[in-house]
Amino acid sequence: GITIVAPIKQTILALGAELGYYYMGNTSSTSEYSEVGIGDYDVTSSFSGSMIPFHMVARIDPLMSSDFPIHPYIEGIAGFKVFNFVREFDTYIYRTDENLPTEKEVNKSLAWSYGFGGGIRVKITDGFFINAKAHKVFGSETKYTDTRSIEFHQDGTYSYGTTKSKTDVYRFTLGISIIP
């Protein structure tokens, strides 16, 4: 992800925004079926998910204007997270040696979020820092596919259930900071 903050002149406060991307994993399985008139066929299902958070950032950085090589800071964030879930189903029919068009379903959901955290920047050279930070991020409830509930039926169709949960996370970040 990326965080961009700009200091407010003559203060220890900086304001900005952050944008991230989190890969939440994927799963894939192949099931074999046989149907009168069609013959044997395989259905390969895959499921993947990701999260894209966007937050406004308010940072208190007491050593922002100093030449001291270590800069601790605290920050608060508020914004939202977009969850993206993709399901794909590929069917291969043995008798005709053909792949049917991929069935693809995309579900997106949004969760409001806010949090707090702190970090430390360690100066490597002028304008270049190693940055480590941690946040506790509270999120509203969102609905998404329950991957344990996906069922494939003999006729090649599928069904699945959804679940709701809070979207609270602990987030740890290690990166670089460039301060011109």
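All figures in this text were calculated on a predicted structure; none of them were measured in a lab.

**Some points on the confidence of the model for the protein chain**
Summing up the model confidence of the protein chain, the mean pLDDT is 90 and the portion of residues at 70 or higher is 96%. When the elements of the protein chain are averaged for pLDDT, strand β10 (residues 151-152) gives the smallest value, 68, and strand β2 (residues 13-19) the largest, 97.

**Things to note about the environment of Arg 121**
Summarising the element assignment, Arg 121 is placed in strand β7 (residues 103-125). Placed 72 residues apart in sequence, Arg 121 and Gly 49 show a C-alpha to C-alpha distance of 31 Å. Setting aside anything within four residues of it in sequence, one finds Arg 121 in contact with Arg 59, Asp 61, Pro 69, Ile 70, His 71, Tyr 73, Phe 129, Ile 130, Asn 131, Ser 177 and Ile 179. A distance of 2.6 Å separates the side chain of Arg 121 from the side chain of Asp 61, its partner in a polar contact.

**Topic: the pairing of strand β5 (residues 70-93)**
In terms of strand pairing, strand β4 (residues 39-60) meets β5 through 20 bridges, oriented antiparallel. Within the sheet, the bridge partner assigned to Pro 53 lies in β5 and is Lys 81. Note: β5 against β7, 20 bridges, orientation antiparallel. For Asn 84, the partnering residue across the bridge sits in β7 and is Lys 108. Remark: four residues form the turn of the hairpin made by β5 and strand β6 (residues 98-99), two consecutive strands paired antiparallel; Asp 97 in that turn has positive phi of roughly 50°.

Cut-offs and rules
Per chain, residues are indexed from 1 in the order of the written sequence. pLDDT decides what is reported in this predicted model: residues at 70 or higher carry local features, side-chain atom pairs at 80 or more are listed and counted, and totals for whole chains, interfaces and linings draw on all residues regardless. Excluding hydrogens and water, the side-chain values take into account all heavy atoms of the structure. Each residue carries a pLDDT value, the predictor's own confidence for that position, ranging from 0 to 100. Runs of E in the DSSP output that reach at least two residues are strands. Runs of H or I that reach at least four are helices, and both are numbered from the N terminus. We call two residues contacting when some pair of their heavy atoms lies within 4.5 Å. In protein, a polar contact requires one atom able to donate a hydrogen and another able to accept it; more generally it is a pair of N or O atoms within 3.5 Å, and residues adjacent in sequence count only if both atoms are side-chain atoms. In this analysis, strands are considered paired if DSSP registers two or more bridges between them.

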